[in-house]
Each structure stands twice: as C-alpha cells, then as structure tokens.
Amino acid sequence: MVNILKKTLKLKDWLKSYRQFDWIVIGCILFLMLPILTLLTMGDQVPFQVQYFSWEGKKVGVKNKTFTLSFNRPVNTNSVEKNLIIEPPLPGRISWQGRTLIYTLDDPPIYGTNYQIKLENVQLSYQDEEIKSFVSLFSTRDRVLAYIGIEGEEKGRLILYNITNLSQPQKTILTPPDLIVTNFKIYPNSEKIIFSAFEPNLRSNELARQELYTVTTGFNVDPSKTPSQRAGKLKRILDAQEYQNINFALSQNGEVIVVQRVNHRNKNDESLWLIKDNNKIISLGIPGSEFVIAPDGKSLAVSQQGGIRMISLGGDGNNSRIFANYEKPLSFSPFSEKLLLVKDNVDYTRSLVVVDKNGENKEVFRSPYPILGCEFEPRDEQIIYCLKTDVIQGENGQYRPEPFLSVINLKEGTDFPLLALPNSENVMLSMSPDGVALLFDQVVTTSPQSSTDLLTTEKQAIADGQVWLLPLPDLKEENKSLKIQPRELIFGFKPQWLP
C-alpha cells in the first residue's frame, strides 16, 4: 500500500513538471494522429482518376502542339496508352514525366472541329483498381478569313468572315468607311491585324498618303492572360508625313514589321525600315520592293539588282549575304529552315530553288514562264503549292498567259497540276493554318478613274473580285485523287486565313 502511494505521488509530481505549452504540443500530436490512424484503418477513399487535362474546355490552334494528362496516383502507362481515345482521331506521340502523360501531335488539329478525349479501363501500377472514367471536350479555333470588300458599303474595308458553319457564315466589318484598305497581315494570335490604308480625299500621286494601322478582331485566344477587346478598335502605328509607305511585311511570330518607304521630297531616298515590338522605327539603309521575313523574325530576304540579299535582323541589318542571279524570294518554311527562291537562268528560263539554312540549294523545277508564288504545306515541309504560269492559245488564235496551281513533293520530285485559273493574272493565295484548304481570289481590272478606286500592284483598278475556297487532297493517303472542286465564297479580294 505504501509503495502504491509513493508511485501516485511521483506521477503527480511528474505531471506538474509539464508546462502549459508542453500540453498543447502533446494535444496537437494526438489530434494529428487521429486522421492518420483513420486513413490506415479505412484506406485511401479518393478514387483513382485523371487530375488535370491541359486542354479542357479550351480552343486550340496550330501553335498548340502538345497536351498533358496528369493522374493522382502512379499509373500503368501501357494501359493508358492502349485505352486513350481521341475522336475525331488526332495522331500523335506519347511520352511520360512521372504521373503526367505528354501527347505531341503529328499534325495540326483541324480548325472548326470539336474533339472528345476519353479514358477508361486503366489500372494502377501496383494494384488492380481501375480508373474513374474520364471524358473531356476541347475544340479548335473557328475557320475565319479576312478580305478586302469590293462592293457597296464593304468597298475598300477590311472584313472578317467566319465560315466554321458554311451554311450560316458570319461577317464583321473591321475598318471605317473613310479608309481605303490596300493590304493587310494578321498577327499570330489573331487578336489584331496590321493594314495599310489611305483617306480618299487625301489621295495624291496614287498611294502617297498610305499609312499603317492595327485593328482588333475581337478574338481572344487566352482571356486569362489578356483582357478581350471589341472588334474594330483602330491604332495608327506609322504615318505618311515625310515618307510614302509602299509595301510592308509582318513576321509570322508577329514581332517584326518591315516597311518599304520613299521620301516625299527625295525619290532617291528609298529603303526598307524595321519596326519591332516597341514601335521604334529604324532604316535598314537597303532598298527593295520584293521581300519576305523569316517566321522567327531573325532574317529578311530582299530582291535586289543582281540577286537576293539575305539580311540578319538580329542587329543593325549589316550582316548579310548575296545569292547572285536570283530574281525574287517567295516564302520561308514554317520553321525558317528553308527558303524558296526564283532564279534567272542563262537560257531565259526560271527555276524554283530551295535553299536550306546552310546555303545549299536544290532546283525543284524549271519553267520558261513566270513563277508567281509558292507556299509550304504547314503539316509537311516536303510539300509545296505553287502558282505557275502557262501560255494558252485563245479562240482568236492569240496566245495569253494563264496561271495554274500545282502541288510539288520535294522529297519524291513529283509535280501534279491541280487547278487552272483562267483570267486570274493577279491571283492571291493563302494556305489554311491546318493545311486542309486554300483561299484564292479572281479579280477583273480596268483603268483607274477615281480616288476611291481599289488598285492592283500594277496600278489597275479592280472592277470586280471573287474569293474562292479550295479544299486540298490528303496527299498522305494511298490511291489519292487529285480531282478537286473550288467553291465560291464571297465578293472581295486578297483573302487571308486567320492563324
């Protein structure tokens, strides 16, 4: 009995030795142990599932090449790859980073399409529990083009035309009626367009008072990053007080603008000017009327007397090289690794030549007639579409030039004619960002008569114009048929797809 009493007194002394803080710590430990013991007893009640899908509910475009799927537990990767379904199909390659699947597309997604991604019957890597069924939707950007109107209230104005639903197209006029638009280029995010225009009442010496503007389209690829803007908001970025702005180009990444300018007071003062993101304009000190900018904005190809000059835009533009005996540059490949050039030959023919980033060149074909333009197919850099010229004998016995469209496989060396374009000497081409269709125009010209006339590059007035849509064949399929039928879209000219 005495021993029990002594032990009780010692326990009381031991408990008294603890301070209030110590009791708080002990209480917290006991409180935290409770859910741990519950979890150990009942197990993890959160179901095995997809935790995150990077494209969920989004509108994606040609720049979106990968999506990710993250899981909340380690997963049987073979089971995921076997059971992942995308409808309509989007071929691609799968890689893994821990619990995250990375899916890289082989080709750009088709615009104006709703996709469904589905995953079920997938197992954990360490037990037989199956995944909670996952279904999600995403869509691609609308199929939208821009063009210059040609009749009525649309004449000379920049217009958006949404043809996602061809049976119910939607039209939006972007520019005011007091500006006559002459040319335009679209920024890569489709949120704005840069264009050249003049006021008819100030027109003198043809396009002497042509200025550069930007206008908002109303599109917003990612509202979480930038606030949406209404369509039609104008901003002037280059006036014509001292210089005549003749021609301009925009790099595919939207970071570089090059403008051909001539001094009003001194016609010998003609050169290309460079505008970058900060809108600071500097003269490159180099003349040129035909030029193209590399998609990455790092180099410029300029047609000059005696050849094509390649200029680096990384510094002051002085770092350059010359390709002698070339006539004009046509276009860069999507990743700036190849350049299409037209070469003059001693036998008075012209050659289409591909020049790679190392300066090595390869002749694609040779023609006695002009080569008007060529564009790379965005899904395959080995395929190009070219606008060539042939000579046709008319009913009156006279010969006349006639453009036609052909598709060329650079790797196989094949060249298939696709479509003849009679009476289309001023035709313009635009390849869709997903590579499934071409836009082109046909215009009827006459002699200029008023200050409001729409002019071609040859300074002929445009009396009428039609925009056409040309679905392209899938050249990857076997037993392919190259029989295609263009479709009339709308009255206008200079059509361009939004990226």
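Residues numbered from 1 in each chain as written. Predicted model: local features only at pLDDT ≥ 70, side-chain atom pairs only at ≥ 80, totals over all residues. Heavy atoms only, no water.

J.: I'm lost on the layout of surface pockets in this one. Help?
T.: Empty space among the atoms can be located by rolling a probe the size of a water molecule over them. Approximately 500 Å³ is the volume found for the second largest pocket. For the second largest pocket, the lining is made up of 30 residues, of which Y187, K192, T214, Q229 and K235 are closest to its centre. When contributions to the lining of the second largest pocket are tallied by element, the ones reaching two or more residues are β14 (211–216) and β15 (234–238). Partitioning the lining of the second largest pocket into residue classes produces 11 nonpolar, 12 polar and 7 charged. (1 Å grid on protein atoms, 1.4 Å probe; cavity = no way out; pocket = protein on both sides within 12 Å on 5 of 7 lines; lining within 4 Å. Points joined across faces, edges and corners; volume = space filled by probe spheres on them. Helix = DSSP H or I, 4+ residues; strand = E, 2+ residues; numbered from the N terminus. Nonpolar A, V, L, I, M, F, W, Y, C, P; charged D, E, K, R; others polar.)

J.: Can you walk me through the state of the cysteines in this structure?
T.: Disulfide: a covalent bond connecting the sulfur atoms of a pair of cysteines. This model, assessed by the stated rule, comprises 1 disulfide. Here C374 pairs with C386 through a disulfide, and the sulfurs are 2.0 Å apart. Of note, the bridge from C374 to C386 carries an S-S torsion of about 110 degrees and is right-handed in sense. Placement of C374 in strand β28 (residues 371–377) and of C386 in strand β29 (residues 380–393) is noted, with a sequence separation of 12 residues between them. Each member of the pair, C374 as well as C386, is classed as buried. (Disulfide = S-S within 2.5 Å. Buried < 20%, exposed > 50% of the residue type's maximum accessible area, 1.4 Å probe, protein only.)

J.: Any chance you could explain empty space enclosed by the protein here in plain terms?
T.: Counting across every chain of the model gives 1 cavity of 30 Å³ or more. By volume, the largest cavity amounts to about 30 Å³. Split by residue class, the lining of the largest cavity holds 5 nonpolar, 1 polar and 3 charged.

J.: It is not clear to me how the sheet that holds strand β36 (residues 493–497) should be interpreted in this structure. Could you clarify?
T.: Two orientations exist for strands paired in a sheet by backbone hydrogen bonds: parallel and antiparallel. Taken in spatial order, the 4 strands line up as β11-β10-β9-β36 in an open sheet, and their pairing is antiparallel. What marks the edges here is a single partner per strand, and that holds for β11 (170–173) and β36. When the angles between neighbouring strand axes are averaged without regard to direction, this sheet yields 25 degrees. As paired strands, strand β9 (residues 144–148) and strand β10 (residues 158–162) are joined by 5 bridges and run antiparallel to one another. Each bridged residue has a counterpart across the sheet, and for Y147 the counterpart in β10 is I159. (Pairing = 2+ DSSP bridges. Axes fitted to C-alpha atoms, helices over the stretch in contact; angles between N-to-C directions.)

J.: What exactly am I supposed to notice about the pairing of strand β25 (residues 338–344) here?
T.: Within a regular strand, side chains alternate between the sheet's two faces. Most of β25 is tucked away, with 5 of its 7 residues classed as buried. Sheet topology note: the strand β24 (residues 326–332)/β25 ladder contains 5 bridges and is antiparallel. Residue pairing in the sheet places S331 in a bridge with L340 of β25. Hairpin connection of β24 to β25: 5 residues between the antiparallel strands, including S336 at a positive phi of 65 degrees. Strand direction decides the pairing type here: β25 and strand β26 (residues 350–356), joined by 7 bridges, are antiparallel. Its bridge partner lying in β26, V342 is registered against L352. The loop that links β25 with its antiparallel partner β26 comprises 5 residues; one of these, Y348, has a positive phi angle of about 70 degrees.

J.: How should I be thinking about the side chain of S139 in this particular structure?
T.: Position of S139 among the secondary structure elements: in strand β8 (residues 134–140). Residue S139 is classed as buried on the basis of its relative accessible area of 12%. In this structure S139 touches K58, K59, V60, T113 and N114, once residues within four positions along its chain are discounted. (Contact = heavy atoms within 4.5 Å.)

J.: Looking at this model, I keep getting lost on the packing of aromatic side chains. Mind explaining?
T.: The geometry of two aromatic rings is summed up by the distance between their centres and the angle between their planes. If you walk through the whole model with that rule in mind, you get 13 aromatic pairs. Here W55 and F138 contribute two aromatic rings whose centre-to-centre distance is 5.2 Å and whose plane-to-plane angle is 65 degrees, an arrangement assigned as edge-to-face. In this pair, W55 sits in the loop between β1 (50–53) and β2 (59–60) while F138 sits in strand β8, placing the two residues 83 residues apart along the sequence. As far as the burial class goes, W55 and F138 line up, both buried. Seen from their ring centres, F323 and Y326 are 6.1 Å apart, and the 80 degrees between their planes marks the pair as edge-to-face. (Phe/Tyr/Trp six-rings, centres within 6.5 Å; stacked < 30°, edge-to-face > 60°.)

J.: Where do I start with the pattern of salt bridges in this structure?
T.: Close approach of charged atoms allows side chains of opposite charge to pair. All told, the structure shown has 11 salt bridges when counted by the stated rule. The salt bridge partner of E154 is K171, with a shortest N-O separation of 2.6 Å. Linking E154 in the loop between β9 and β10 with K171 in strand β11, this pair joins segments that are 17 residues apart in sequence. You can call K171 partly exposed: its relative accessible area is 40%. Within this structure, D347, E363 and R366 form a network of salt bridges that share partners. (Salt bridge = Lys/Arg side-chain N within 4 Å of Asp/Glu carboxyl O.)

J.: Sorry, what's going on with the pairing of β10 here?
T.: Of all 5 residues in β10, 5 are buried; the element is thus mostly enclosed. Side-chain alternation along β10 places L158, L160 and N162 on one buried face and I159 and Y161 on a second face that is also buried. Relative to β11, β10 runs antiparallel, the two being bridged by 4 bridges. In the sheet register, L160 faces β11, and the bridge partner there is T172.

J.: Is there a simple way to explain the environment of S320 in this structure?
T.: Mapped onto the elements of the fold, S320 is located in strand β23 (residues 320–324). Residue S320 is classed as partly exposed on the basis of its relative accessible area, which comes to 31%. C-alpha separation for the pair S320 and M310, spaced 10 residues apart in sequence, amounts to 5.3 Å. Setting aside residues no more than four positions away along its own chain, S320 makes contact with R309, M310 and I311.

J.: For this particular structure, what's the right way to read unusual backbone geometry?
T.: A cis geometry characterises the amide bond from E87 onward to P88, with omega recorded as -10 degrees. Secondary-structure assignment places P88 in the loop between β4 (85–87) and β5 (92–97). At S336, a position not held by glycine, the phi torsion is positive, near 65 degrees. Mapped onto the elements of the fold, S336 is located in the loop between β24 and β25. For S336, a relative accessible area of 16% corresponds to the buried category. In this structure, K494 is a non-glycine residue whose phi angle is positive, near 55 degrees. Mapped onto the elements of the fold, K494 is located in strand β36.

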